[in-house]
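# Geometric and topological summary
Here's the letter readout for the chains.
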Amino acid sequence: VRAVFLGTGTSVGKTHAVVRLARCAADQLPGTPILCLKPIESGIALEAPGGPPGSSDAAMLACACAIATAPALHPLFRYEQPLSPYAASRQSGKTANLKEIQRWIAQAERASACGEAPLWSLIETAGGVFSPLALRVTNLDLARALEPARWILVAPNCLGVLHAATAACLAMRGAARAPDVLLLTSAERDASSDTNADLLRELDLARAVIELRDGDDAAIDALISELVRAD
Ligand SMILES: Nc1ncnc2c1ncn2[C@@H]1O[C@H](COP(=O)(O)OP(=O)(O)OP(=O)(O)O)[C@@H](O)[C@H]1O
Ligand SMILES: [Mg+2]
């Protein structure tokens, strides 16, 4: 199972969702190696050579791995400036490269494969699905480079999500394909939160719309089912 976590924007709950999924999958599928990776991350200090500083997404994802171990160099492309990956890379002069990311992920997956159980590889992108990584290269291109994979589009379950999810899904469909799962996260809830999931299902933007609620693991079970389901 390989799943790429994309967002309708930054700070939409991608890391939170990957960590919860990894923990539940480790409980439910004992013996399954679970690898959580963040190939590109900006806004993290450079002083710790190689390994990620504690509060970074890469560090949280490394902690959420089970049986599998994240690479020592994680993220592969790290930027100190709290800017979009492309803006940060222009300042540091080190541009993210899809081929290098593909190789880094494939190597981490090979190193984590163990026994008969299929590896779970959960990959978090940086920023939103159309955030640029380099000139004319976005996170959607990274997702395409990582096919075959499930694409999970993460969106916050609050006012504005109907537009944000529709815009992202239509643009994804036009440029490549729709996400497999639209995952609503609940850091901020408001008057729209009780109805957003049903409205988004009616709009038929993705094969599944799953609403993640705190303290409710049924949604994670549904997400696990979507990830393992045969096409
Ligand atoms: N369900 C939740 N309950 C409480 N807090 C949450 C929840 N989901 C996310 N958050 C908080 O919202 C913030 C953004 O979430 P998160 O870091 O997961 O987003 P992200 O999409 O990974 O962001 P980035 O684009 O920086 O990688 C974090 O402070 C996180 O702790
Ligand atoms: Mg994150």
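Residues numbered from 1 in each chain as written. Chains lettered and ligands numbered in written order. Predicted model: local features only at pLDDT ≥ 70, side-chain atom pairs only at ≥ 80, totals over all residues. Heavy atoms only, no water.

## Description of the sheet that holds strand 10 (residues 208-211)
Defined as follows: Two strands make a pair as long as DSSP finds a minimum of two bridges between them. Strands are runs of DSSP state E lasting at least two residues, helices are runs of H or I lasting at least four, and both sets are numbered from the N terminus onward. Working convention: axes come from line fits to C-alpha atoms, limited for helices to the stretch in contact. Angles between N-to-C directions cover 0 to 180 degrees. Whether two residues are in contact is decided by their heavy atoms: any pair within 4.5 Å suffices.
One open sheet holds the six strands; their spatial order is 2-5-1-8-9-10, and the pairing between them is parallel. Every interior strand has two partners, whereas the edge strands, strand 2 (34-37) and strand 10, have only one. Strand-to-strand twist across the sheet, computed as the mean angle between neighbouring axes with direction ignored, equals 20°. With five bridges joining them, strand 1 (residues 2-7) and strand 8 (residues 150-156) adopt parallel strand pairing. Paired with A3 across the strands is R150, a residue of strand 8. On the sheet, helix 4 (residues 98-112) packs against strand 1, strand 2 and strand 5 (120-124) and is oriented at approximately 155° with respect to strand 2.

## Examining the site of ligand 1
We apply this condition: We define proximity as follows: a residue is near a molecule or strand when any one of its heavy atoms falls within 4 Å of that partner. Each polar contact in these results corresponds to two N or O atoms within 3.5 Å; when the atoms are within protein, one needs to be able to donate a hydrogen and the other to accept it, and residues that are neighboring in sequence are counted only if both atoms are side-chain atoms. For every accessible area listed, the method is Shrake-Rupley and the probe measures 1.4 Å; residues are considered covered only by the protein chains on display. Gly is placed with the polar residues, together with every amino acid not listed as nonpolar (Ala, Val, Leu, Ile, Met, Phe, Trp, Tyr, Cys and Pro) or charged (Asp, Glu, Lys and Arg).
As a matter of local geometry, ligand 1 sits amid 14 residues, with T10, K14, T15, D57 and D214 nearest to it. Contacts to ligand 1 include D57, whose side-chain N or O atom sits 2.9 Å from an oxygen atom. Contact between ligand 1 and E124: an oxygen atom at 2.9 Å from a side-chain N or O atom of the residue. Across the complex, the protein chains shield 65% of the 620 Å² of accessible surface that ligand 1 would expose by itself. It is helix 1 (residues 14-28) that provides the largest number of residues to the shell around ligand 1, a total of three residues. Across the shell around ligand 1, the residue classes break down as two nonpolar, seven polar and five charged.

## Quick word on helix 8 (residues 218-228)
Worth spelling out the cut-off: Only protein chains enter the calculation, and the probe is 1.4 Å; a residue is then buried if its accessible area is under 20% of its type maximum, exposed if over 50%, and partly exposed in between. Regarding the arc, it is the one traced by the directions from the helix axis to the C-beta atoms.
Residues of helix 8 that are buried include every one of A219, I220, L223, I224, E226 and L227, and no others. Buried residues in helix 8, looked at end-on, bunch into an arc of 160°, giving them a common side. Where helix 8 is buried, its residues touch strand 1, helix 1, strand 5, strand 8, strand 9 (181-185) and strand 10.

Take it as geometry only, folks, not as evidence of what the structure does.
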